[in-house]
Amino acid sequence: MGKKRKVHSLTGRIDDRLMMQSFKAVKRNRGAAGIDKVSVGMFEENLDANLAALKRDLKTRDTFVAKPLRRVFIPKDAKGKSFRPLGIPAVRDRVAQEVIRRLLEPIFEPLFHDCSFGFRPKRSCHKAIEKLLEFHEEGDRVTLDADIAGFFDNIPHKLIVDAVAEEVADGNILNLIWKFLAAGVMENGVFKPTTIGTPQGGVISPLLANIVLNKLDWRLEQAGYRFVRYADDFVVVCKDRVQAKAALELVTEVMTELGLSLSPEKTKIASYGKGYDFLGFRLSSKSRTMRTKSEEKFKTKIREITRRCHNLDAEVIKKLNQVIRGTANFFATKFSTCIKLFQKLDRWIRMRVRSMKFKRKWSNDNYRLRKRNLQNKLGLLGLLDFTQTTMSKTSR
DNA sequence: CGACCTTCAAC
RNA sequence: GUUGUUGAAGGUCG
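Numbering of residues starts from 1 in every chain and runs along the sequence as written. Labels follow written order: the first chain is A, the first ligand is 1, and so on. It should be noted that, the model being predicted, local features are given only for residues of pLDDT at least 70 and side-chain atom pairs only at 80 or more, the latter also being counted only at that level, while totals for whole chains, interfaces and linings use all residues. With hydrogens and water stripped out, all remaining heavy atoms of the structure feed into the side-chain values.

A. Focus on the environment of Glu105. Mapping Glu105 onto the fold places it in helix H4 (residues 91-108). Along the sequence, Glu105 and Arg120 sit 15 residues apart, while their C-alpha atoms lie 9.2 Å from each other. A run of DSSP states H or I qualifies as a helix once it reaches four residues; a run of E qualifies as a strand once it reaches two. Both are numbered from the N-terminal end.

Structure (structure tokens):
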């Protein structure tokens, strides 16, 4: 029953190499500037001096001041009128957060539950679903599909810092996290303090989310439930509806403790027999395919590329192939049963391409023939062309 | 292994 | 204008 050994000096690990690695990581994303309008490129102009100053501020207690976040609203779903509030930290602060993230991640990663799959290295949606399907194959077919209401925006700051403090005793680091959380936002020129939530757009936010929800994971484990969690979206696998009800009760209780609540619309008891949506797929005992929303998103994208008024050329085919490759790559997995859907979509894509505008070279040119030749020569591919390559790859 | 470019997906 | 973490694929150059 010895006391858990905490990590004491993380601050001491902040050196020039870590600073540089963190900057490189921020640069790789090619993200936009924050409130101070300093772009990554501008920060890089005096890189050594900027990193040195930042390192000093991070290492000496109560020196670092997080700049307010820049507020940007992005549409949540393609045509919906709901918006997601982004908080974009200044480039300097993104580097700072990356430094802290790199220090914290190795500490918390081993403590996380094996069934937590979101935002974690070497884990993915596919792995999450594979685990879920394993559970179903072992017999349990009723699911509690739960979603936390406004998760990132509603986690209490104290809860986050306390959760980190359970493993980290370095007061300076805890202070820095507190400052990131309480940086505030500038919304059309007016400063608004942030008293709750972790910024959507913050470098450490995903890690902090996992640190907090790790508590939920182990509570479920302790109660004997099997589940798969991806960020704030999780499925508890149950043997029947009675057990699912009980699971819902436990989850609700834990949510209250964490100052959170479930989204009533997105939380439901379903079954593997009837099927349910999770991480972009529609999962059921008879098929695992794209969910309707994802199919619509894909179609919208194809429509944009193959607009009737646009001229069919090499660029269009290239762009189409990129999108098709990417989509097939995600949805054609070991477990998915997408062949029929892909056939349908491929026919639809070819129809779209056929009806595109195509320049006539001379007045009585057989442009249909030239168009088809162009299509073949430039190699327009279909979703199915990519599934075959993924199939042969997965079997190796 | 690294730099850059493009795409897809989840949240 | 659009941030962030993670995973995947393809390409160019070392």
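B. The arrangement of the protein's contact with RNA strand C in detail. The environment of RNA strand C is formed by 26 residues, the closest being Asn29, Arg70, Gly201, Gly202 and Asn329. Here, proximity means that at least one heavy atom of the residue falls within 4 Å of the molecule or strand. Atoms of RNA strand C within 4 Å of the protein: sugar and phosphate make up 77%, bases the balance. By the criterion applied in these results, polar contacts are pairs of N or O atoms within 3.5 Å in which, for protein atoms, one can donate a hydrogen and the other can accept it, and in which residues neighboring in sequence qualify only through two side-chain atoms. Contact distances for RNA strand C include 3.4 Å between a phosphate oxygen and a side-chain N or O atom of Arg101. Phe119 places a main-chain nitrogen or oxygen 3.2 Å from a sugar or linking oxygen of RNA strand C. Charged residues are taken to be Asp, Glu, Lys and Arg, nonpolar residues to be Ala, Val, Leu, Ile, Met, Phe, Trp, Tyr, Cys and Pro, and polar residues to be all remaining types, Gly included. Looking at side-chain class alone, the surface near RNA strand C contains 10 nonpolar, 7 polar and 9 charged residues.

C. Representation of the sheet that holds strand S7 (residues 233-238) in the model. The strand order S6-S7-S3-S8 describes an open sheet built from 4 strands, whose pairing is antiparallel. If you trace the sheet from one side to the other, it starts and ends with strand S6 (226-230) and strand S8 (268-271), each paired once. Between one strand and the next, the sheet's axes are offset by a mean angle of 20 degrees, whatever the strand orientation. Strand pairing requires that DSSP identify at least two bridges connecting the strands. As judged from the 4 bridges shared by strand S3 (residues 142-147) and S8, these two strands associate in the antiparallel manner. Counterpart to Thr143 in the pairing with S8 is Ala270. Should any heavy atoms of two residues lie within 4.5 Å, those residues are counted as being in contact. Only the stretch in contact is used when a helix axis is fitted, and all axes are lines through C-alpha atoms; the angle between N-to-C directions ranges over 0 to 180 degrees. Packed on one face of the sheet, helix H9 (residues 205-222) meets S6 and S7 and runs near 170 degrees to S6. Here helix H10 (residues 241-257) sits on the sheet in contact with S3, S7 and S8, set at roughly 25 degrees to S3.

D. Broad picture of the pattern of salt bridges. Salt bridges are counted wherever a side-chain nitrogen of Lys or Arg sits within 4 Å of a carboxyl oxygen of Asp or Glu. All chains considered together, the criterion is met by 25 salt bridges. Where Glu98 meets Arg102, a salt bridge forms, and the shortest distance between an N and an O atom there is 2.7 Å. Here the residue Glu98 and the residue Arg102 both occupy positions in helix H4, the gap between them amounting to 4 residues, near one helical turn. Relative accessibility thresholds used throughout: buried, under 20% of the residue-type maximum; exposed, over 50%; partly exposed, between the two (1.4 Å probe, protein chains only). The exposure class of Glu98 is buried, given its relative accessible area of 5%. Accessibility expressed as a relative area gives 28% for Arg102, which makes it partly exposed. In this structure, Asp162 and Lys158 form a salt bridge, with 2.6 Å as the shortest nitrogen-oxygen distance. In this pair, Asp162 and Lys158 are both assigned in helix H7 (residues 157-165), 4 residues apart and thus about one turn of the helix distant. Salt bridges linked by common partners bring Glu98, Arg101, Arg102 and Glu105 together as one network.

E. Region of the structure containing H7. Within H7, burial applies to His157, Ile160, Val161, Ala163, Val164 and Ala165. Each element contacted by the buried residues of H7 is listed here: H4, helix H8 (171-181) and H9.

F. Examining the nonpolar core more closely. Counting residues in each nonpolar core, the largest one holds 112 residues, and the members touching the most others are Leu58, Leu104, Val164, Ile177, Val236, Phe278 and Phe298. The element that contributes the greatest number of residues to this core is H4, accounting for 9 residues. A domain-level breakdown of this core finds at least three residues from each of domain 1 (10-270) and domain 2 (287-392). Leaving out residues up to four positions away in the same chain, Phe298 has contacts with Met290, Val323, Ile324, Thr327, Leu345, Ile349 and Leu383. Throughout this description, the term nonpolar core refers to a set of buried Ala, Val, Leu, Ile, Met, Phe, Trp, Tyr and Cys residues connected via side-chain atoms within 4.5 Å. Domain start and end points were adopted from an automatic or database domain assignment.

G. The confidence of the model for chain A, seen in detail. Put simply, chain A has an average pLDDT of 91, and 92% of its residues get 70 or more. As a per-residue measure, pLDDT reflects the predictor's confidence and takes values from 0 up to 100. Here helix H15 (residues 383-394) stands out as the least confident element of chain A, with mean pLDDT 64; S6 is the most confident, with 98. Predicted confidence for residues 391-396 stays below pLDDT 50, and this span has 1 contact to residues more than four positions away or in other chains. This complex was scored by the predictor with a pTM of 0.92 and an ipTM of 0.94.

H. Examining the protein's contact with DNA strand B more closely. In the vicinity of DNA strand B lie 21 residues, with Arg30, Phe119, Tyr230, Asp232 and Lys301 positioned nearest. When atoms of DNA strand B within 4 Å of the protein are sorted by moiety, sugar and phosphate together comprise 90%. One of the side-chain nitrogen or oxygen atoms of Arg30 is found 2.8 Å away from a phosphate oxygen of DNA strand B. Contact distances for DNA strand B include 3.4 Å between a phosphate oxygen and a side-chain N or O atom of Ser294. Secondary-structure elements contributing two or more residues to the surface near DNA strand B are helix H1 (16-29), helix H11 (292-305) and helix H12 (314-331). In terms of residues, the surface near DNA strand B owes the most to one element, H12, which gives 7 residues. A class-by-class count of the residues in the surface near DNA strand B yields 7 nonpolar, 5 polar and 9 charged.

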